[in-house]
Amino acid sequence: MIETPHDLAGYHVQIRNALGNQFLRTALGNFASAYKISRQKAFEGIDLERKRAELATAKDQALKRLPELYAEFKRHAEARGTIVHLAHTAEEARGIVSHIAKDNRVRHIIKSKSMTAEEIHLNNRLETDGFQVTETDLGEWIIQLRHEGPSHMVMPAIHLSRQQVGTLFSQVTGQQLDLEDIGRMVKVARRELREAFLTAGMGVSGANFAIAQTGTIGMLTNEGNGRLTTTLPGVHVAIVGIEKLVPDIDTALRIIEILPRNATGQAITSYATWITGQTPCLANPDGKKIHHVVFLDNGRLRLAEDPVFSQALRCIRCGACANVCPVYGKVGGHTLGHVYIGAIGLILTYFYHGTDNTRAIVRNCLNCQACKSVCPVNIDLPYLIKEVYRRVLDDDRKKPLKNRLVSTFMKNRTLFHSALKAAAAAQKPFVDASRGIVRHLPYALLKAEHDFRALPALAETPFRNIWPAVRYQLSNPRYRVALFVGCAVDFVSPEQALALVKLAIAFNVQIDFPQNQTCCGLPAAMMAEQETAVEVGLQNIAALDAERYDYVLTLCASCASHLKEGYPKMLAGKIDAGRIDALHQKIIDFSSFMVDVLGVEPDAFQKTGRRVAYHSPCHLCRGLGVTEAPRKLIDISGSSYVPCPEEDVCCGFGGSYSIEFPEISAAILSQKLDHVERSGADILVTDCPGCVMQLRGGMLKRNKAVPVKHIAEIVAERLNLSKKAEKAT
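Remember, predicted model here, so these are calculated numbers, not experimental data. (Residues numbered from 1 in each chain as written. Predicted model: local features only at pLDDT ≥ 70, side-chain atom pairs only at ≥ 80, totals over all residues. Heavy atoms only, no water.)

**Q** Any details on the packing of aromatic side chains? Residues and values, ideally.
**A** We describe a pair of aromatic rings using the distance from one ring centre to the other and the angle between the two ring planes. Per the counting criterion, the structure on display carries 17 aromatic pairs. Ring geometry for tyrosine 70 and phenylalanine 295: centres 5.6 Å apart, planes at 90°, overall edge-to-face. Of this pair, tyrosine 70 sits in helix α4 (residues 66-79) while phenylalanine 295 sits in strand β10 (residues 290-296), and the two are 225 residues apart along the sequence. In terms of burial, tyrosine 70 and phenylalanine 295 fall into one category: buried. Through a chain of ring-to-ring contacts, the aromatic side chains of Tyr11, Tyr657 and Phe661 assemble into a single cluster. In this structure, lysine 569 is placed above the aromatic ring of tyrosine 383, and the distance from its NZ or CZ to the ring centre is 4.4 Å. (Phe/Tyr/Trp six-rings, centres within 6.5 Å; stacked < 30°, edge-to-face > 60°. Helix = DSSP H or I, 4+ residues; strand = E, 2+ residues; numbered from the N terminus. Buried < 20%, exposed > 50% of the residue type's maximum accessible area, 1.4 Å probe, protein only. Lys NZ or Arg CZ within 6 Å of the ring centre and 35° of its normal.)

**Q** Before we move on, can you summarise the packing of helix α19 (residues 401-411) against helix α20 (residues 413-426) with the specific residues and values?
**A** Between α19 and α20, the least distance of the axes is 5 Å, while the angle of their chain directions is 110°. Classified by the interaxial angle, the pair formed by α19 and α20 is roughly perpendicular. Listed contacts from α20 to Thr408, Phe409, Met410 and Lys411 of α19 are Arg413, Leu415, Phe416 and Ala419. When the residues that make up the contact of α19 with α20 are grouped by side-chain class, the tally is 5 nonpolar, 1 polar and 2 charged. (Axes fitted to C-alpha atoms, helices over the stretch in contact; angles between N-to-C directions. Parallel < 35°, antiparallel > 145°, perpendicular 65-115°, else oblique. Contact = heavy atoms within 4.5 Å. Nonpolar A, V, L, I, M, F, W, Y, C, P; charged D, E, K, R; others polar.)

**Q** Quick rundown of the sheet that holds strand β15 (residues 551-554)? Include the residues and the values.
**A** The strand order across the open sheet formed by 4 strands is β14-β13-β15-β16, and the pairing between neighbours is parallel. Each end of this open sheet is capped by a strand with a single partner; those strands are β14 (509-512) and β16 (587-589). The average angle at which neighbouring strand axes cross in this sheet is 40°, direction not considered. Strand direction decides the pairing type here: β15 and β16, joined by 3 bridges, are parallel. Bridge pairing in β16 places valine 552 opposite isoleucine 587. Of the strands in this sheet, β13 (479-484), β14 and β15 are in contact with helix α23 (residues 494-506), which crosses β14 at around 140°. (Pairing = 2+ DSSP bridges.)

**Q** An account of a positive patch on the surface is needed here, citing residue identities and associated values.
**A** Taken together, Arg184, Lys187, Arg190 and Arg194 make up a surface patch of like positive charges. With respect to the helices and strands, the residue arginine 194 is situated in helix α10 (residues 182-199). The class for arginine 194 is partly exposed, based on a relative accessible area of 48%. (Patch = residues over 30% accessible without salt bridge, like charges linked within 9 Å, V, L, I, M, F, W, Y side chains within 5 Å. Areas by Shrake-Rupley, 256 points an atom, 1.4 Å probe, with all protein chains shown as cover. Salt bridge = Lys/Arg side-chain N within 4 Å of Asp/Glu carboxyl O. Lys, Arg positive; Asp, Glu negative; His and termini not counted. Charge placed at Lys NZ, Arg CZ, Asp CG, Glu CD.)

**Q** For the sheet that holds strand β20 (residues 708-710), give the residues involved together with the corresponding values.
**A** Read from one edge of the open sheet, 4 strands run β18-β17-β19-β20, paired in parallel fashion. Two strands lie at the open edges of the sheet, namely β18 (640-642) and β20, each paired on one side alone. Strand-to-strand twist across the sheet, computed as the mean angle between neighbouring axes with direction ignored, equals 40°. Taken together, the 3 bridges between strand β17 (residues 611-615) and β18 define a ladder with parallel strand orientation. Bridged to valine 612 within β18 is tyrosine 641.

**Q** Would you mind going over helix α30 (residues 628-636) in detail, with residue names and values included?
**A** Those residues of α30 lying buried are Ala629, Pro630, Arg631, Leu633, Ile634 and Ile636. Elements in contact with the buried residues of α30: α28 (590-597), β17, α29 (618-621), β18, β19 (683-686) and α34 (711-717). Glycine 638 lies just past α30 and shows a positive phi near 100°.

Below is the structure:
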């Protein structure tokens, strides 16, 4: 039986063990890099966004009609000799399959790959009832022999090396195998499984879709085992999540077109199997297959009616959300999931396996948006993960101390800002002023695991207190913008805002700084403090008064993404929709403003030979969809952009994530800094003050000479004042 820690203490032990597995990290890292390339090639020439939207719409429409589609499928399938069941619970489904085997005097059962069967722990029940069960998918057979659960929905044994598999096969067969000879291992597996295929009385499979119009189930596989499982034995039982029902073949073909491309970068899988009704089978006296389809509810019908979570049932089990997840890439599926792994697993575990199995793992999300960006059915996975966390907290009826503190301070802007100013004064004895960092790790608050980066000192004077001295008034500005600074720029890095002021004056842009603005609320949202996030959101809507300005400009990608995409969802129905829409339309990041709005030209900047590497913040490239503007701005402003591998992969900061999961944050950061160092860049820039803190802290801890700055700083440094307004300072 799969076991998942029920508390953070046990979970951190599991995390450290996973991080210590160097093979696992190397294998997952290599796969993630190769996957991105193959997926991109697989979708060349295809309007992916249109396909995603169409499939998402088709799935949503089907989810609204599940009882109707089930009745239609049952009618057509049973007319063709199939026996159709509806199991409302996992226990009921296990019982149905076991009774089918008993009724047909089956002793040996073979199974093709099925996440639904994994979900209900079918093998445990069948083996307890005395049946011999053999998994026939190579990866599933390997983990069955090891008594493990899958570590990936598509590649269940990706966590194992060839040496581990070879040793396992040697133990199973009693023959010594060459641990480097993969071809020989595959032959051994085929030989061992061949007997299972020939002696089994019943085959159990899953299905990728079930077509109500014809009573047909469809399977997409890359090994012949799936087809052999459904054809050779006299009895075939398909276990299908009821959400896999689709109305017609057109919807099924949409799935076939997108699933293999998104899962493994293939245009199509090796086998596409369609089964409609009883098929010929010489193993039975009447020459016909005994065919059962067991639809599993297990909470799905209730979930389909949930206005927030129903979209999770769109999932077509491609596994892409794990493929691109930086956390999965470091710890694997046994640590980032229960049965279902990756981002979708953090959500489905709650509904299918309860609060205890969700409590720890649901917090292990960076909110980097990578999963959302590759989901073929447009599930807002990061949002749903936060909503699951909120439900877990409600179930436990006890909030962590950090949640209570965040809620108390953020709701009261004056108290929040006063606390930050007091902390800035209290830190003075521990600050290295020359480097702007805290000299000694505050062990009273943090553990030794957090010592992977230097911690930034709070600014002696926050930007909001500096603003009165630098405030200016232009007589005929090109644009009037409201500046939203966010907590990090305001209280940690006001120099970033000062760089922006310098540029704004030079390019004839009037900046206003609404003093009543406060934290954007993303930290509260990440901690599932929805009430607090809403309250600060309403405060900011009022403070910014976006209708008065041409743009609302921010230096923080995370703030910009939350204001633009989070606020409409979070504040809907709580304030006039026009005010929310005004902010949504006018919020803009620094690089886009400089390149796309101001259209800055190279002659406005002094040339330099600096080679500049770039880290693309998650909430800029995925949250806002901004990718080209920052790189263009680097070149325009007199530097030379130097490409680095995986620029758009998260730096591991994630706000409080790096405090709660420092081991994973450190591993992700280390890889990022390795890439930068190998690029030969003179400086590293990014568009997010949080990323600056993480990346700069890591570089300083390494004692490396590569400085890390906000892109606004290097642009302002190269400003050619002789060609700009005399007011520039």
